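Per-entry structural report
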Amino acid sequence: MDFTTKLRALVSQVEQGLERLVPPADTRPVLLHRAMRYSLESGGKRIRPVIVLAVAELFDPSGGRDPLPAAVALECLHTYSLIHDDLPCMDDDDLRRGRPTVHKAFDEATALLAGDALLTHALGLMVSAYAEDPALAVALTRDLADAAGSRRLIGGQVEDLAAEGRTDVPASDLEFIHLNKTAALLEASFSLGARIGGASDHDRSLVVGVGRDLGLAFQIVDDVLDATAESATLGKTAGKDAKSGKTTYVSVFGVEGARLRARAHSDAARDALRTLPGDITFLTELVEALTVRKK
Ligand code: GRG
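Residues numbered from 1 in each chain as written. Predicted model: local features only at pLDDT ≥ 70, side-chain atom pairs only at ≥ 80, totals over all residues. Heavy atoms only, no water.

Interhelical geometry of helix H3 (residues 47-59) versus helix H10 (residues 201-228) gives an angle of 150 degrees and a closest axis separation of 13 Å. The orientation of H3 with respect to H10, classified from their angle, is roughly antiparallel. Here H3 and H10 pass one another in a crossing that is right-handed. Contact residues: Ile-47, Arg-48, Ile-51 and Phe-59 in H3; Asp-203, Val-207, Leu-214 and Phe-218 in H10. For the contact of H3 with H10, the per-class residue count stands at six nonpolar, no polar and two charged. (Axes fitted to C-alpha atoms, helices over the stretch in contact; angles between N-to-C directions. Helix = DSSP H or I, 4+ residues; strand = E, 2+ residues; numbered from the N terminus. Parallel < 35°, antiparallel > 145°, perpendicular 65-115°, else oblique. Left-handed = near helix turned anticlockwise from the far one by under 90°. Contact = heavy atoms within 4.5 Å. Nonpolar A, V, L, I, M, F, W, Y, C, P; charged D, E, K, R; others polar.)

Shown next as structure tokens:
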């Protein structure tokens, strides 16, 4: 199967999983569940859940354990972070995934609570879907909570907000922000897939490293796209970083310097994948596709 066909097949599995494993929009209170589904169904790229499925398959091609609930839980958690990031008290954005942000389409309180509900749902889903294997359920839930917690996703977001409007942010702080705000959930996607696929500790930590490099490459590309692409292509507001005087890889290293850094992380991710047993074709092509992406 070629890369695009495989990617479409995995995205379609994720979409079906979201449909099945998230409460329907007509669940009471309807306003809340409509808002949760509005953002989930706005057509994200589904990168993180696709990685969960692909990594589980890499280590266990016969598919002994179902990675779909973990993939859905991670996408719910990621979507919560986007909803909250867009709120007026944070990035104050009007556009996300090509549509008005949740607080614009609904209202601020509903957006806040829809984010809270998606986060809570993610943790509950993870625990209940793998309850028959308690050690696995605990490890997966721990991965998700660690990646999303105060030292990682939320910590990265806090330092990102603190850095806003400052032009003297050192490159090491920028790296802290991106390692946590962006790479943490990508690392988690590799870790979840590896655990479900029964990978050894060695192989799991190796793919977590792939997630880290991919996360950094992904964020650098995000900075380059913010500086060079159009809002209509991105489905979110472009040019925000320069406008708000934000320190990014582009402001520190320039567009070409940032591109070179993204390439170096992406090459490191692909080199690490090459040391693994199994069919790494899809994951290798995914890393490349995310490095040269246009949105
Ligand atoms: C509110 C705790 C909290 C964290 C927010 C997600 C986030 C942290 C900030 C959003 C802004 C940003 C540039 C984050 C870096 C990670 C990133 C590039 C997210 C966007 O992920 P994509 O491109 O989005 O995979 P889709 O919509 O395709 O799922």
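Turning our attention to the side chain of His-84. As for its position among the elements, His-84 is in helix H4 (residues 68-86). Setting aside residues no more than four positions away along its own chain, His-84 makes contact with Met-90, Ala-111, Leu-112, Gly-115 and Asp-116.

Lining the immediate surroundings of the ligand are 19 residues, of which Lys-45, Arg-48, His-78, Asp-85 and Arg-97 lie closest. One of the side-chain N or O atoms of Lys-45 is found 2.6 Å from an oxygen atom in the ligand. Between the ligand and His-78 there is a distance of 2.8 Å, counted from an oxygen atom to a side-chain nitrogen or oxygen. Coverage of the ligand by the protein chains reaches 93% of its 700 Å² of free accessible surface. Here the element with the most residues in the shell around the ligand is H4; it accounts for six residues. Across the shell around the ligand, the residue classes tally to six nonpolar, seven polar and six charged. (Near = heavy atom within 4 Å. Polar contact = N/O pair within 3.5 Å; in protein donor to acceptor, adjacent residues only side chain to side chain. Areas by Shrake-Rupley, 256 points an atom, 1.4 Å probe, with all protein chains shown as cover.)

Here the focus is the pattern of salt bridges. Applying the stated criterion across every chain, the model contains 23 salt bridges. Ionic pairing is found between Asp-85 and Arg-96, a salt bridge with its closest N-O pair at 3.6 Å. You can see Asp-85 sitting in helix H4 and its partner Arg-96 sitting in strand E1 (residues 95-96), a full eleven residues away along the chain. (Salt bridge = Lys/Arg side-chain N within 4 Å of Asp/Glu carboxyl O.)

With 26 residues, helix H13 (residues 249-274) should reach 38 Å at 1.5 Å per residue; the first-to-last C-alpha distance of 27 Å falls well below that figure. Along H13, the largest kink reaches about 95 degrees and is centred on Val-255. Taken together, the buried positions of H13 are occupied by Tyr-249, Val-250, Gly-257, Ala-258, Ala-262, His-265, Ser-266, Ala-269, Arg-270 and Leu-273. In this structure, the buried residues of H13 make contact with helix H9 (171-196), H10 and helix H14 (281-291). Near the N-terminus of H13, the side chain that reaches the backbone nitrogen of Val-250, with its oxygen 3.1 Å away, is that of Thr-248. (Expected span 1.5 Å × (residues − 1). Bend = angle between axes of the 7 residues up to and from the residue. Buried < 20%, exposed > 50% of the residue type's maximum accessible area, 1.4 Å probe, protein only.)

We now examine the packing of aromatic side chains. This structure, assessed with the given rule, holds three aromatic pairs. The ring of Phe-253 carries the charged tip of Arg-261 above its face, separated from the ring centre by 3.7 Å. (Phe/Tyr/Trp six-rings, centres within 6.5 Å; stacked < 30°, edge-to-face > 60°. Lys NZ or Arg CZ within 6 Å of the ring centre and 35° of its normal.)

A negative phi angle is the norm for most residues apart from glycine, just as the trans form is the norm for most peptide bonds. In this structure, Pro-29 follows Arg-28 across a cis peptide bond, with omega equal to -5 degrees. If you trace the backbone, Pro-29 turns up in the loop between helix H1 (3-21) and helix H2 (30-40). With phi around 65 degrees, Arg-46 is a residue other than glycine that occupies positive phi space. On the secondary structure map, Arg-46 appears in the loop between H2 and H3.

Take it as geometry only, folks, not as evidence of what the structure does.
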